[in-house]
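Summary of structural features
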Amino acid sequence: KVADPRLISIIELRDKRGGANSALRVALEYLYRTVGDKHLKRVIQTFYQKSIRDKEVEIELKLTDQDLTDTDGTPIASELDTDTNVITINKNYLNTRALLHEIAHAYTHRAVKNGKLPAVKELKTLYKNTKEILGDVYGTVNIEEFIAEAFSNVAFRRQLAGINIKGETLNVLQKFTNVVRRILNATFERVGLDSRLTPSDALSQVDQLLNEIVPPI
């Protein structure tokens, strides 16, 4: 998708002027004003509220002109440093999807690190079972890499889509998506968004987010 020049300029202006709001929150404010889809609007609002409440582990957003690559040397549009919670996005690819993709990745990683959600245990089991099948390959070195590649790497996602553990109906990619859905739903619940939505609305907004942020195989 094409970059959003207005979003880029808003972030760069904030970086020059400084201020109380982080670059991430400035970007989310802009998206909330400009995105038309009601479900995505709720997702953006939720991420904004969570960014305010989670100041002790605040996510930082940085733009770069430099080409980004993963550890295998494959070009990528954005990356998350899970040690520093810094999202770096090549400004040539910055748009709604790219930003929400990395935010969702960040919150999924944080949930795994905290280990409190029931869905996290399922994700760890899924990673363990997948690693037993694929062995030590790119994408299975650790769970952090597994999450990152299952979010973004089309080749790895195709590989996961071809694996049905113990003959189960759902393939690994489908199971991964379902786990991420539950983790994000838990994020909505913790900011009280679920109390204002029907179960079908809550599911629709997560489905919409996943459709926007996760590339097709």
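Residues numbered from 1 in each chain as written. Predicted model: local features only at pLDDT ≥ 70, side-chain atom pairs only at ≥ 80, totals over all residues. Heavy atoms only, no water.

Along the backbone of the protein there are 9 helices and 5 strands. Element order for the protein, N to C, with α for helix and β for strand: α-α-α-β-β-β-β-β-α-α-α-α-α-α. The buried share of the protein, reckoned over its 217 residues, is 49%. Restricting to contacts in the protein with at least 6 residues of sequence separation, those with at least 24 account for 62%. In the form shown here, the protein has an accessible surface area of approximately 10,900 Å², with 49% of it arising from carbon and sulfur atoms. (Helix = DSSP H or I, 4+ residues; strand = E, 2+ residues; numbered from the N terminus. Buried < 20%, exposed > 50% of the residue type's maximum accessible area, 1.4 Å probe, protein only. Contact = heavy atoms within 4.5 Å. Areas by Shrake-Rupley, 256 points an atom, 1.4 Å probe, with all protein chains shown as cover.)

Between helix 6 (residues 143–152) and helix 7 (residues 154–161), the least distance of the axes is 6 Å, while the angle of their chain directions is 95°. Judged on the interaxial angle alone, helix 7 and helix 6 are roughly perpendicular. Together, Phe146, Glu149, Ala150, Phe151 and Ser152 of helix 6 and Val154, Phe156, Arg157 and Leu160 of helix 7 make up the contact between the two elements. (Axes fitted to C-alpha atoms, helices over the stretch in contact; angles between N-to-C directions. Parallel < 35°, antiparallel > 145°, perpendicular 65-115°, else oblique.)

Now for the nonpolar core. Ranked by internal contacts, the top residues of the largest apolar core, which has 57 residues, are Leu61, Leu99, Ile103, Leu123 and Phe176. Non-local contacts of Ile103, meaning those with residues more than four positions away in its chain, are made with Leu24, Leu28, Phe47 and Ile87. (Core = buried A, V, L, I, M, F, W, Y, C linked by side-chain atoms within 4.5 Å.)

So, about the confidence of the model for the protein. Summarising the model, the protein shows a mean pLDDT of 82, and 82% of its residues fall at 70 or more. The secondary structure element of the protein with the lowest average pLDDT is helix 9 (residues 199–213), at 53, and the one with the highest is helix 5 (residues 118–134), at 94. Predicted confidence for residues 193–203 stays below pLDDT 50, and this span has 14 contacts to residues more than four positions away or in other chains. (pLDDT = per-residue confidence, 0-100.)

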